[in-house]
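# Coordinate inspection notes
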Amino acid sequence: LGIAWAVLQPLLTTVVFTIIFGILLGTPSQELPYPLFAMTALLPWGLFSTALQRSSVSLVGNANLITKIYFPRLAIPLSSVFAALVDFGVSFVVLLLVMAYYRYWPGWNMVWLLPMVLLALLTALAVGLWLSALNVQYRDVQHMVPFLTQLWMYASPIVYPIETIPEGIWRTLYGLNPMVGVIQGFRWALLGSDPPDVTMLISVVVVLV
């Protein structure tokens, strides 16, 4: 399918989520059209998951290069992470078209979009560095990553709003998932939904650690 996959994947996933969670289960969507609610979260998630999967196998995939010449090993997973921006750029154009269809236009919050993209990439790099090193020693890691990202997706506020998580200790623990802050930030930057709360700060600290 080539580059068309960057268009079909978020669109088809949005359709499935809309039917199951938006129509059949009636999941709240912060008073936003559910397709727009879901797709705005699927874009940063797609960026993160693609970057994570590529970076986690990057060292093993470039073993011949590593053994022939010395260079900073960080360059390999780093380049794998930034390569995911190509698919993200194509998918972002599709999101803008969907926003235009629902007559939602970005406001001044749009200036925060770039920091949210960088946070998603940093999150993928932070986890990818660990997994790429582990994959050198334990090759089963590469088979574990797709399962890990699938579980992680449902532990992030993609198909449901963060308001479904009780405030207090549960919301704080939920913020330990760094993608919570990223997804909140994306919806706020593009759709003007509820601004990120303290979970954003927690998410940033987790990524840096």
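Just so we're clear, the structure is a prediction, and the values are computed from it rather than from any experiment.

## A short note on the overall build of the protein
Counting its regular elements, the protein contains 11 helices and zero strands. When the helices and strands of the protein are read in sequence order from the N terminus, they spell out α-α-α-α-α-α-α-α-α-α-α. The C-alpha radius of gyration computed for the protein amounts to 18 Å, which stays within 12% of the reference 17 Å derived for 209 residues, consistent with globular compactness. Along the three orthogonal principal directions, the C-alpha set of the protein runs to about 55 × 45 × 35 Å. In the protein, buried positions account for 46% of the 209 residues. Put simply, of all contacts in the protein between residues at least 6 apart along the chain, 75% involve residues at least 24 apart.

## With respect to the environment of Val-57
With respect to the secondary-structure elements, Val-57 resides in the loop between helix H2 (34–56) and helix H3 (58–61). Remark: the alpha-carbon pair of Val-57 and Phe-92, spanning 35 residues in sequence, is separated by 26 Å. The contact partners of Val-57, leaving out residues within four places of it in the chain, are Asn-135 and Gln-142.

## A short note on the packing of aromatic side chains
Using the criterion set out here, one finds 10 aromatic pairs in the structure. For the pair Phe-17 and Phe-21, a centre-to-centre distance of 5.6 Å together with 80 degrees between the ring planes defines the contact as edge-to-face. Placement of the pair is Phe-17 and Phe-21 together in helix H1 (residues 5–24), with a separation of four residues, close to one helical turn. Each member of the pair, Phe-17 together with Phe-21, is buried. Positioned above the aromatic ring of Phe-37, the side-chain terminus of Arg-187 is 3.6 Å from the ring centre.

## Overview of the side chain of Gln-184
Along the chain, Gln-184 turns up in helix H10 (residues 178–191). Note on Gln-184: relative accessible area 9%, which makes it buried. Excluding residues that lie within four positions of it along the chain, Gln-184 makes contacts with Ile-162, Pro-195, Pro-196, Asp-197 and Thr-199.

## What to know about the confidence of the model for the protein
Summary statistics for the protein give a mean pLDDT of 86 and a share of 99% for residues scoring 70 or more. Element-level pLDDT for the protein is lowest in helix H4 (residues 63–68), with a mean of 75, against a maximum mean of 91 in H2.

## Some points on a negative patch on the surface
A cluster of acidic residues, Glu-31, Glu-163, Glu-167 and Asp-194, forms a negative patch on the protein surface. Position of Asp-194 relative to the elements: it lies in the loop between H10 and helix H11 (198–208). The exposure class of Asp-194 is partly exposed, given its relative accessible area of 43%.

Conventions used here
- Every chain begins its residue count from 1, and numbering advances along the sequence as written.
- Since the coordinates come from a predicted model, pLDDT governs what is reported: local features require at least 70, and pairs of side-chain atoms require 80 or more to be given and counted, while whole-chain, interface and lining totals use all residues.
- Hydrogens and water molecules were not included; the side-chain quantities draw on all heavy atoms of the structure.
- Numbering of helices and strands runs from the N terminus, with a helix taken as a DSSP run of H or I at least four residues long and a strand as a DSSP run of E at least two residues long.
- Radius of gyration: over C-alpha atoms. The globule rule applied is 2.2 Å multiplied by the number of residues raised to the 0.38 power.
- Burial here depends on accessible area, computed with a 1.4 Å probe over protein chains only, as a share of the maximum for the residue type. Under 20% is buried, over 50% is exposed, and the range in between is partly exposed.
- Contacts were defined at the residue level, with two residues in contact if any of their heavy atoms lie within 4.5 Å.
- In summary, the pairing rule links any two rings of Phe, Tyr or Trp, Trp by its six-membered ring, whose centres are within 6.5 Å, and it sorts them by plane angle into stacked for under 30 degrees, edge-to-face for over 60 and tilted for everything else.
- Both a distance and an angle decide whether a charge sits over a ring: NZ of Lys or CZ of Arg must be within 6 Å of the ring centre and within 35 degrees of the ring normal.
- Note on scores: pLDDT gives the predictor's confidence for each residue, bounded by 0 and 100.
- Surface patches are drawn from residues lacking salt bridges whose relative accessible area is over 30%; two like charges belong together within 9 Å, two nonpolar side chains (Val, Leu, Ile, Met, Phe, Trp, Tyr) within 5 Å.
- Accessible surface area values rest on a Shrake-Rupley calculation with a 1.4 Å probe, where residue burial reflects the displayed protein chains alone.
- One side-chain nitrogen of Lys or Arg within 4 Å of one carboxyl oxygen of Asp or Glu is enough to make a salt bridge.
- None of His or the chain ends enter the tally, which takes Lys and Arg as positive and Asp and Glu as negative.
- Charged groups are reduced to one reference atom each: NZ for lysine, CZ for arginine, CG for aspartic acid, CD for glutamic acid.

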